Amino acid sequence: MPNERAKGSVGSPLPHDSAHLHVSGGALYTDDIPEIRGTLHAAIGMSERAHARIKSIDLTKVRAASGVVAVIAAKDIPGKNDYGPVIADDPIFATTLVQYHGQSMFAVAATTVGEARRAARLAAVDYEDLEPTLTAEDAVEAKSFVLRTEHLVRGDPRGAIAAAPHRLSGKIRIGGQEQFYLEGMVAYAVPKEDGTMHVYSSTQHPGEVQHQVAHALDVPANDIVVECRRMGGAFGGKESQPGLFACIAALLAHETKRPVKLRVDRDDDMRITGKRHDFVTEYEVGFDDDGRILGVDFVLASRCGYSVDLSGAINDRAMLHSDNCYYLGNVGVRSFRCKTNTVSNTAFRGFGGPQGMLGVEQVIDDIAQALGKDPLDVRKLNFYGVTERNVTHYQQTIVDNVIHDIVADLEQSADYRERRRAIRAFNAKNPYVKRGIALTPVKFGISFTATHLNQAGCLLHVYTDGTLMLNHGGTEMGQGLFIKVAQVVAEELAVDIDRIRITASDTSKVPNASPTAASSGSDINGKAAQAAARKIKRRLTEFAAQHFGVAPDTIAFRANAVHADGKSITFDELVKLAYFARVSLFATGYYRTPKIGYDRKTWTGMPFYYFCYGAAVTEVAIDTLTGENRLLRVDILHDVGKSLNPAIDMGQIEGGFVQGVGWLTTEELWWDDKGKLMTHAPSTYKIPVASDVPPVFNVRIFESGINAEDSIHRSKAVGEPPLMLAISALHAIRDAIASTVDYALSPRLDAPATAEAVLRSLDDIASRRAKSAKSKVATEVA
Ligand code: MTE
Ligand code: MOS
């Protein structure tokens, strides 16, 4: 048999299943769904204060405005005025208290989008101003927290630091990040008969939106169907917060008995929705003469915003990633979850992990500087071992450590040592433009730390013409989940992938699905789809065995046909015959991740099924007169296990890295002293564009990668981990800054390293250098 495998099976570098639609405008996003006659458009009335009591709201002018059909506020909600994903502290409409600038207070439905938006601005609100708490540091001082403070300790960090030959302490401010999905928040609610409703929502979690809408309308879950064919990007921003928009559209649809669409514009989206948590991380470390960490203590304070949202799990993940790739025998991590009068911060690619890792990476850099060593040598010295020193600070044994191999390969292939020397030489000659280089590693844990979410379901149909329809609980946000899962089905049944119609996530097809998040989409939905395909394959095998009069174990599925004993029948024919013989041709599949589970009280166990690894070398240039930075060359080696689809995985690695560079270099969120977000559009909030991609960008998949666990075809998740490769860019900038004082001091550089931040850091390091020179003179004189 020449081609035994069908087209598009596992491992093929297929393009995204919707690529032809993305580029031609044929892909239907929620806003593109043809509108039903009578559709109304909604807009949200937002708070103009960060923290205030609402004494009264007069909506007379809103109601009287042109085109307005309905205006609703909290008292018009038949059910619960809440869309909190974990804790009920997210009102759909504020009632007596507003807790952030931009909080929703009421909503309008009008004939056109413009009329709705204009009307929503006409409310007369009487506020009684309260003092806002805006930053994490203010909140720590005021003891203002959304959740209790957590403390994870292994060994005796304080004792080890005190006894260590060397000690250092430091602090880094880590900025937040707007998800900046290209498609903003949108929902379209269509009332159906008998009180039921169909809601199209741009959401990573249709199952949760279904419940949020049902609770708001006070109807059972089976009255609501939530559907999402695709999102125009999500990046974590649509994990928990689409509920607000879906609830408002549904409430207005319920009120008017007409379809209602709510699509907020970019500025409002940025004012209303949560972002990556910004952190203030302080550390104290004790280390030996070689640079080995003996004890380290971290204090993480994150700005959660006004409500809990997903902040518990996000801060947990930050704590669990405070080690990155390093063995920390004596470690303490204290985590403050700060309540502030700002948007409720939420998931963003990495989910707290990136912020957690930045702390230890800075510790390593500081140690290297203090000892006059190459940071790479200090990194390697502190790596987890493969068979010893391989237990994390939460007592999970690492069984798949490939960071040594990855870093060794990259150090060679990127010519790290030689380029480091060349950069030193370049810097000695160039007074204004300085270059820097850094190699940083990534280890990222895969699984939801909320263990119950690690489950998935699939619904698979085979029609009598031999075509298939695939549905599962995962959602497509551009990451290529749907094509990967389809490849799993193609592989299992040995049929060409173009026979498989991929369909929208839909709560009426697969119930109770988890959010597509934690990078686990293809892991869990792939396994569920495989289970469904195997059920159908078993039935067809049995039937084919009868048909051929052979034993079932001689039946083989190969390249769109079924073979036994030299005989064969096409898949189409077999399916037709099976139908007439009354063999069921559809199946569900279910999967739950094995092994995992941990005890949050003691912070011990196995929160992660496995780890993903990668490393990056980044070379930058900074202009010391303007503070600008530019990436000159980036080399990446990243582990995706055995790739389900190397083309998709490469896209995720490149995209994740560039998004991470945006977070750490240009994307700055800025609130004024009244708590109003002033960077709420691309004019003031700078995300990377195509021209920011480095001119030399060598990205490779770690070819010998294989998942040590029984994951779907031994692949590894790829969605989030590559974002953290961008930490190398921040460290390369630090290296360039250090060159201005002949590497005599460790820079203080907060993230993002915007031009202003780089200039501040240059000033700071120059003045510290001057001070230390003065005190040196003083001691010499004395
Ligand atoms: N890639 C694209 N193009 N768009 C996205 O919104 N989200 C990221 C990542 N890659 C995202 C993306 C995030 S935050 C996660 S958790 C994963 O994709 C989710 O999908 P997966 O589990 O299927 O990898
Ligand atoms: Mo991704 S931050 O887990 O949605």
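The coordinates are above.
Throughout this description, residue numbers start from 1 for each chain and increase along the sequence as written. Here every chain gets a letter starting at A, and every ligand a number starting at 1, in the order they are written. Reporting in this predicted model follows two pLDDT cut-offs: at least 70 for local features of residues, and 80 or more for side-chain atom pairs to be given and counted; totals over whole chains, interfaces and linings ignore these cut-offs and use all residues. With hydrogens and water set aside, each side-chain value is computed from the structure's full complement of heavy atoms.

Colleague: Explain the packing of helix H6 (residues 206-217) against helix H7 (residues 242-256) here, please?
Modeller: Axis angle and axis distance: for two packed helices, these are the angle between their axes and the distance between the axes, and together they describe the pair. Between H6 and H7, whose axes approach to 9 Å, the crossing angle comes to 40°. Taken as axis vectors, H6 and H7 run oblique relative to one another. For the element pair H6 and H7, the recorded crossing hand is right-handed. Of the residues in H7, those touching H6 at Val209, Gln212, Val213, Ala216 and Leu217 are Pro242, Gly243, Ala246, Cys247, Ala250, Leu251 and His254. When its residues are assigned to classes, the contact of H6 with H7 shows nine nonpolar, three polar and no charged. Note on geometry: axes are lines fitted to C-alpha atoms, helical ones only across the stretch in contact, with angles between N-to-C directions running from 0 to 180 degrees. A run of H or I in DSSP counts as a helix once it spans at least four residues, and a run of E counts as a strand once it spans at least two, with each numbered from the N terminus. By definition in this entry, angles of less than 35 degrees are roughly parallel, angles greater than 145 are roughly antiparallel, angles of 65 to 115 are roughly perpendicular, and the rest are oblique. Left-handed describes a crossing in which the near helix is turned anticlockwise from the far one by less than a right angle; the clockwise case is right-handed. For this analysis, residues touch if any pair of their heavy atoms sits within 4.5 Å. Amino acid classes used here: Ala, Val, Leu, Ile, Met, Phe, Trp, Tyr, Cys and Pro are nonpolar; Asp, Glu, Lys and Arg are charged; the rest, including Gly, are polar.

Colleague: Where do I start with the site of ligand 1 in this structure?
Modeller: For this description, a residue counts as near a given molecule or strand if any of its non-hydrogen atoms is within 4 Å of it. The full set close to ligand 1 counts 19 residues, and Ala234, Phe235, Met477, Gly521 and Gln652 are the nearest of them. Pairs of N or O atoms are called polar contacts if they sit within 3.5 Å, as long as, within protein, a hydrogen donor faces a hydrogen acceptor (for residues adjacent in sequence, only side-chain-to-side-chain pairs). Side-chain polar atom of Gln652 to a nitrogen atom of ligand 1: 2.8 Å apart, as the coordinates give it. Each accessible area is a Shrake-Rupley result for a 1.4 Å probe, and residues are judged covered by the shown protein chains and nothing else. Alone, ligand 1 offers 520 Å² of accessible surface; in the complex the protein occludes 92% of this. By residue class, the composition of the shell around ligand 1 is six nonpolar, 11 polar and two charged.

Colleague: How should I be thinking about the packing of aromatic side chains in this particular structure?
Modeller: Working definition: an aromatic ring pair is given by the centre-to-centre distance plus the angle between the planes. Only rings of Phe, Tyr and Trp enter the pairing, Trp through its six-membered ring, and a pair is recorded when the two centres are within 6.5 Å. The plane angle decides the type: under 30 degrees is stacked, over 60 is edge-to-face, the rest tilted. Under the counting rule described, the total for this entry stands at 12 aromatic pairs. With 6.3 Å between their ring centres and 5° between their planes, Phe180 and Tyr685 make a pair best called stacked. Of this pair, Phe180 sits in the loop between strand E8 (166-174) and strand E9 (186-191) while Tyr685 sits in the loop between helix H17 (646-665) and strand E29 (696-701), and the two are 505 residues apart along the sequence. Relative accessibility decides the category of a residue: with a 1.4 Å probe and only protein chains considered, values under 20% of the type maximum give buried, values over 50% give exposed, and everything between is partly exposed. Overall, the relative accessible area of 10% leaves Phe180 in the buried class. Judged by centre distance (5.8 Å) and plane angle (65°), the rings of Phe608 and Phe611 are edge-to-face. A relative accessible area of 2% places Phe611 in the buried class.

Colleague: How do you make sense of a nonpolar patch on the surface when you look at a structure like this?
Modeller: Taken together, the side chains of Tyr432, Val433 and Leu625 make up a nonpolar region of the molecular surface, amounting to roughly 300 Å² of accessible area. Along the chain, Val433 falls in strand E16 (residues 433-446). Note that patches include only residues with greater than 30% relative accessible area and no salt bridge, and the join distances are 9 Å for like charges and 5 Å for nonpolar side chains (Val, Leu, Ile, Met, Phe, Trp, Tyr). Any carboxyl oxygen of Asp or Glu within 4 Å of a side-chain nitrogen of Lys or Arg constitutes a salt bridge here.

Colleague: In this structure, what is going on with the pattern of salt bridges? I would like to understand it.
Modeller: Proximity of charged atoms lets side chains of opposite charge pair with each other. Overall, the coordinates contain 49 salt bridges when judged by the stated rule. Two residues, Arg534 and Glu492, come together in a salt bridge whose shortest N-O distance is 2.9 Å. Separated by 42 residues along the polypeptide, Arg534 in helix H15 (residues 521-548) and Glu492 in helix H14 (residues 481-493) bring together distant segments of the chain. Using a relative accessible area of 40% as the deciding quantity, one classes Arg534 as partly exposed. Exposure remark for Glu492: the relative accessible area of 9% places this residue in the buried category. As a salt-bridge pair, Asp692 and Lys686 come within 3.5 Å of each other at their nearest N and O atoms. When salt bridges with common partners are traced through the structure, they connect Asp374, Asp377, Lys380, Glu411, Arg417 and Arg420 into a single cluster.

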